[in-house]
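# Understanding the architecture of this molecule
Chain residues, written in single-letter form:
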Amino acid sequence: MTHDLVIKGARVVSASGTTHCEIGIKGGVIATLGHDLSGTEVIDATGLIALPGGIDSHVHISQPSGPGIEMADDFTSGTRAAACGGNTTILPFCLPEDGQTLREAVAAYRAKAEGNCLTDVAFHLIVKETDPVTLGQDLPTLIEAGYTSFKVFMTYQGLALSDRQILEVMSVAKAHGAMVMVHAENEDAIEFLRDRAERTGETAPYHHATTRPVPVEREATHRAISLAEIAGVPLTIVHVSNGEATEEIMRARQRGLTVFAETCPQYITLTADDLDRDGFEGAKYVCSPPPRTRDEWANIWRGIETGVFDLFSSDHCPFRFVDTAGKDAPGARQSFRNIPNGIPGVETRLPILFSEGVIKGRLSLDRFAALTATNHARLYGLFPRKGSIMVGADADIALWDPTLTKPIRQTDLHHGSDYTPWEDFMVTGWPVRTLLRGVTTMQDGAPVTAPMGQHLTREAPDVLR
Ligand code: DUC
Ligand code: ZN
Ligand code: ZN
């Protein structure tokens, strides 16, 4: 067979391990893994590593963020940044505007993404209402249509659900076969701590971290797991930041519960002290849960190395820094409460984990692929089409140069934000070419093709099939 494209010379990280072989691509699909393949076009990838294109299953793009506040990325810039960071699929969240139904919100997000994406895209839902129409009609219909995961919040006024509401949502997930993702922080405890901090004049960005301490997350993690146990559903705890929350997940698994766990670059590279930088600089690091301590980095690493964590995502939630529609929102300098919550990271997630994990000897290449692509596909109903370099899968591939060393610099990035929390962070190992269904979307750090990303319809998560 003559392939459209053959990649030669790379070390290939496939579903079944790491090997040296050629990748033959035809019609956007991996047709052959073998030797001496013929192709109309050939990429010489000698010295490079071929990894599954990254799947980032936790990103926020064009999400409503309050009056006058605007996210820094739309689908054009967000997926451009994702592709430049070695990704081929992203899963943003679909949050209804006030007064919009979930089904209307999905249609609006699909329209915003259509024709603008440099990666493939699939959407999670955010469930913030539990009225009979949402739970009885919209959610079941959307799950049936392939929106097989949704996030619930235990914090944020307007988003947080009560325990009873979470149980109702979990019951719909159980009945119709979807994955529940939980943002686990105790809203009442945070409000108590925030009010107290403001009364005593502790209003700088740093106090975003002190008012969301570890017990706030640990307690909510325990409660979310207990609710899932009562409802009889698996669940995913997203953006886990510390050892005590990790222990709750381990204990649940020891009891036989099906709990998946996600962590993010900020919890192995940033600390609360970053929020304490001079002036208003700390606002650049405001995200929830907040970055913790170096000791917590070690706890998260232990969880990554021992398999507690299934997913390593970015939680890309970008705002501009020098912008009153971003971090410098009205009132943000008077109180941390008003600083939009989130940091950009879709382009830097993979290089950070590769450098800190693979290059520093903490992670095998196979495990890197699982944490950054394969497990995302399995958990969110995209496997086997996505997430692995294997025959029959989409030819979504990132070619990595494991010897390339350079610092992360805002000037090299492609997101819509005007800063990166990782400015000057030194990285060894960068993706140098990204291929989406066999078409190069990034080469040598720059986007190279017109938007060709598609919307992906998903199956039920592997664990529910
Ligand atoms: N939770 C997220 O998942 N992303 C950004 C902000 C937040 O609280
Ligand atoms: Zn969250
Ligand atoms: Zn998030």
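Just so you know, these numbers come straight off a predicted model, no measurement behind them.

## Digging into the packing of helix H11 (residues 349–359) against helix H12 (residues 365–379)
Packed helix pairs are characterised by how far apart their axes lie and by the angle those axes make with each other. As a packed pair, H11 and H12 sit with axes 10 Å apart at the nearest point and diverge in direction by 150°. Classed by the angle they form, the pair H11 and H12 counts as roughly antiparallel. Between H11 and H12 lies a crossing of right-handed hand. Counted together, Arg-349, Leu-350, Leu-353, Phe-354 and Val-358 of H11 and Leu-365, Phe-368, Leu-371, Thr-372 and His-376 of H12 form the full contact between these two elements. Across the contact of H11 with H12, the residue classes break down as seven nonpolar, two polar and one charged.

## Observations regarding the site of ligand 1
The environment of ligand 1 is formed by His-58, His-60, Lys-151, Tyr-156, His-183, His-239, Ser-288, Asp-315, Cys-317 and Asn-341. In this structure, a nitrogen atom belonging to ligand 1 sits 3.0 Å away from a side-chain N or O atom of His-60. Between Tyr-156 and ligand 1, the recorded distance is 2.2 Å, taken from a side-chain N or O atom to an oxygen atom. Out of a free accessible area of 240 Å², ligand 1 has 94% covered by protein chains. Taken together, the residues of the shell around ligand 1 break down into two nonpolar, six polar and two charged.

## Here we look at the coordination of the zinc ion (ligand 3)
Around the zinc ion (ligand 3), the protein contributes the donor atoms His-58 (NE2), His-60 (NE2) and Asp-315 (OD), at 1.9 to 2.0 Å from the metal centre. All donors of the zinc ion (ligand 3) belong to a single chain; written as a sequence motif, their spacing is H-x1-H-x254-D. Accessibility expressed as a relative area gives 4% for His-60, which makes it buried. We classify Asp-315 as buried; its relative accessible area is 8%.

## A look at the coordination of the zinc ion (ligand 2)
Protein-derived ligands of the zinc ion (ligand 2) are Lys-151 (NZ), His-183 (ND1) and His-239 (NE2), with the metal-ligand distances lying across 2.1 to 2.2 Å. When the donor residues of the zinc ion (ligand 2) are listed from N- to C-terminus, their spacing reads K-x31-H-x55-H. A separation of 4.1 Å is found between the zinc ion (ligand 2) and the zinc ion (ligand 3). With His-183 in strand E13 (residues 179–183) and His-239 in the loop between strand E14 (235–237) and helix H8 (243–254), the pair connects residues that are 56 residues apart, well separated along the chain. Accessibility assignment for this pair places His-183 and His-239 in one class, buried.

Scoring rules and cut-offs
Residues numbered from 1 in each chain as written. Chains lettered and ligands numbered in written order. Predicted model: local features only at pLDDT ≥ 70, side-chain atom pairs only at ≥ 80, totals over all residues. Heavy atoms only, no water. Axes fitted to C-alpha atoms, helices over the stretch in contact; angles between N-to-C directions. Helix = DSSP H or I, 4+ residues; strand = E, 2+ residues; numbered from the N terminus. Parallel < 35°, antiparallel > 145°, perpendicular 65-115°, else oblique. Left-handed = near helix turned anticlockwise from the far one by under 90°. Contact = heavy atoms within 4.5 Å. Nonpolar A, V, L, I, M, F, W, Y, C, P; charged D, E, K, R; others polar. Near = heavy atom within 4 Å. Polar contact = N/O pair within 3.5 Å; in protein donor to acceptor, adjacent residues only side chain to side chain. Areas by Shrake-Rupley, 256 points an atom, 1.4 Å probe, with all protein chains shown as cover. Donors = N, O, S within 2.8 Å, 3.2 Å for Na, K, Ca; no water. Buried < 20%, exposed > 50% of the residue type's maximum accessible area, 1.4 Å probe, protein only.

No statement about biological role is implied by the geometric values presented.
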